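The lines below spell out each chain.
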Amino acid sequence: MIKIKSLRSYYLEFPLIDPVITSFGVMKTRPCIIIELEDFNKNIGYGEIWCNFPSDAASYRFNLLNSLYLNNIIGCEFSNPEKLIDKIADTFKTLFVQSGDIGSFDNINAGLDCAFWDLFAKTKKIPLNKLLNTESQKHISVYASGINPSESYEKITIARSMGIKAFKVKIGFNHSLDIDLLNVLTDYFSNEEMLMLDVNQGWNIDEASKYLKILENYNFSWIEEPISALSNKDEFNNIINSTNCNLAFGENINNLDDFIFLGQNKKLKYIQPDLTKFGGISLINNLSKKIQSNKIWMHFLGSGVGLLTSAHIMSAINPSAFLETDINVNPLRTNLFKNELKIEDGKINFSDDHGIGGPLNFDTINKYLISSNI
Ligand SMILES: [Mg+2]
């Protein structure tokens, strides 16, 4: 039995010189909330709570974690992390339903679920990926993400210097499709490389139908979130079945049934859950048994804790896929652990450390710390 002795949390922000621009707004900092869960045997499990936007998302979730969750987690005992967070959060679930703020609830639960699994792997003294699949390889290939259209060439060049062979560029701004950009991008890349486009829900159904017709003339590996994640099942089916383009959805899906519905569509090859945003490792573990696991290409755009957790899970369930990795400078991604998180030959390589490894790098934490509960 594992018993939780303490939960330490850190809210960090890395200020951006070049803000990240998306079809739904601008990010001036890269925030993250990191959890350290410690048991009575000095094992520490790490988790990350999704908090990218709006700008107060991180402070709000950090405060909820410490005001509502903390006392329900200290002293908690468990022998299996599956569904543990559901039991813990059951006492205050109704509060979130009443407030309509179920998203923050999902995000905090997801981060804690990851920390429970990492702690569990550490008590078993095995790497996290081996816990889920004893045959897991010790690396995962990545694709470069977080690329604004105006800096595509520069960012793709940086990614190539790390051996990365797949890149995703943001489009869909102002309900438009920039044909010049498509032509430029097509000229950039070789047959051995993959190029994807991310609309970030920037088009309505009619725009998506119109623009996907044009995109069928190009060779992009997938077009991500061409329509709102709030679209109904008929709208999803219609858009998926009406185009020859490969589409991708998932980072804004927050319901297991919807993941299964999309995963069961034979034409849809890419499902992109974010384990810091909804469901944590428990969801991915569950989903990979219900749909073809080679469809699960995980979304991620946060710090080193969530990236390394995602990398372990991808290597366990879909080892030939590419993991989304932000290509922009962010020490909260690369220098959050004592061991720098490097991309070599287009891959993240794992050590033989237990869980996702550790310890955290407190030079980085102290430099970018906004709040902690210690
Ligand atoms: Mg996306």
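Residues numbered from 1 in each chain as written. Predicted model: local features only at pLDDT ≥ 70, side-chain atom pairs only at ≥ 80, totals over all residues.

Trainee: Is there a simple way to explain the overall build of the protein in this structure?
Mentor: Looking only at helices and strands, the protein has 14 helices and 13 strands in total. In terms of overall size, the protein behaves like a compact globule, its C-alpha atoms giving a radius of gyration of 20 Å where 374 residues would be expected to give roughly 21 Å. Looking at the protein as a whole, 48% of its 374 residues qualify as buried. (Helix = DSSP H or I, 4+ residues; strand = E, 2+ residues; numbered from the N terminus. Rg over C-alpha atoms; globule rule 2.2 N^0.38 Å. Buried ≥ 20, exposed ≤ 12 C-beta atoms within 10 Å, placed from the backbone.)

Trainee: Would you mind going over the domain arrangement of the protein with me for this structure?
Mentor: Note: interface size is frequently given as the accessible area lost on complex formation between the parts. We note that the domain assignment places domain 1 (2-125 + 361-372) and domain 2 (130-349) within the protein. Spacing between the C-alpha centres of domain 1 and domain 2 amounts to 23 Å. Between domain 1 and domain 2, the residue contacts involve 33 residues of the former and 33 residues of the latter. When contributions to the side of domain 1 that touches domain 2 are tallied by element, the ones reaching two or more residues are β1 (2-22), β2 (25-39), β3 (44-49), α4 (102-124) and α14 (362-368). (Domains from an automatic or database assignment. Contact = placed C-beta atoms within 7 Å.)

Trainee: I would appreciate a short explanation of unusual backbone geometry in the present structure.
Mentor: Most peptide bonds are trans, and most residues other than glycine sit at a negative phi. The omega torsion of the bond from F53 to P54 falls at -5°, within 30 degrees of zero and hence cis. Among the secondary structure elements, P54 is positioned in the loop between β3 and α1 (57-73). The amide bond that connects G358 to the next residue, P359, takes the cis arrangement and shows omega of -5°. Examined against the element boundaries, P359 turns out to sit in the loop between β12 (347-349) and α14. Even without a glycine there, the phi angle at N200 is positive, about 50°.

Trainee: Where do I start with the packing of α4 against helix α11 (residues 280-290) in this structure?
Mentor: The geometry of a pair of packed helices is captured by two quantities: the angle between their axes and the separation between those axes. With their axes 5 Å apart at the nearest point, α4 and α11 run at an angle of 80° to one another. The angle between α4 and α11 falls in the class roughly perpendicular. Here α4 contributes N109, A110, D113, C114 and W117 to the contact with α11, which in turn contributes G280, I281 and S282. Looking at the contact of α4 with α11 residue by residue, the classes come out as four nonpolar, three polar and one charged. (Axes fitted to C-alpha atoms, helices over the stretch in contact; angles between N-to-C directions. Parallel < 35°, antiparallel > 145°, perpendicular 65-115°, else oblique. Nonpolar A, V, L, I, M, F, W, Y, C, P; charged D, E, K, R; others polar.)

Trainee: I'm lost on the nonpolar core in this one. Help?
Mentor: Nonpolar side chains in soluble globular proteins tend to end up buried together. Of all hydrophobic cores here, the largest spans 107 residues; its most connected members are F116, F167 and I223. Tallying contributions element by element places α4 first for this core, with eleven residues. For this core, the domains that each give at least three residues are domain 1 (2-125 + 361-372) and domain 2 (130-349). The residues contacting I223, other than those within four sequence positions of it, are L197, V199, L212, L215, C245 and L247. (Core = buried A, V, L, I, M, F, W, Y, C linked by C-beta atoms within 7 Å.)

Trainee: Help me understand α1 in this model?
Mentor: For an α-helix, 3.6 residues make a turn, and residues three or four places apart therefore share a direction. The largest bend along α1 measures about 35° and falls at N66. Burial in α1 covers these residues: A58, R61, F62, L64, L65, Y69 and I73. Tucked into the core, α1 has its buried residues touching β1, β2, β3, α2 (84-89), α4 and β13 (369-372). Phi for G75, located one or two positions after α1, is positive at around 90°. (Bend = angle between axes of the 7 residues up to and from the residue.)

Trainee: Sorry, what's going on with the packing of helix α10 (residues 256-263) against α11 here?
Mentor: Relative orientation of the contacting elements α10 and α11 amounts to 35°, with a least axis distance of 10 Å. Both α10 and α11 take part in a crossing whose hand is right-handed. For the pair α10 and α11, contact is made by L256, F259, I260 and G263 and by L283, N286, L287 and K290, respectively. Its residues assigned to classes, the contact of α10 with α11 shows five nonpolar, two polar and one charged. (Left-handed = near helix turned anticlockwise from the far one by under 90°.)

Trainee: I would appreciate a short explanation of the environment of I327 in the present structure.
Mentor: The residue I327 is located in the loop between β11 (322-326) and α13 (331-334) in this model. On a C-alpha basis, the gap between I327 and K210 in space is 30 Å, while along the polypeptide they are 117 residues apart. Not counting residues within four places of it along the chain, the set of residues in contact with I327 comprises A144, S145, G146, I147, K155, I158 and A159.

Trainee: Sorry, what's going on with the environment of C51 here?
Mentor: Of note, C51 is situated in the loop between β3 and α1. Between the C-alpha atom of C51 and that of S288, which follows or precedes it by 237 residues, the distance is 25 Å. The residues touching C51, leaving out its near neighbours within four places in the chain, are P31, C32, I33, A57, A58, R61 and N107.

Trainee: What should I look at first to understand the environment of N285 in this one?
Mentor: Within the secondary structure, N285 sits in helix α11. With 20 C-beta atoms packed within 10 Å, N285 lands in the buried category. Residues N285 and Q98, 187 residues apart in the sequence, show an inter-C-alpha distance of 29 Å.

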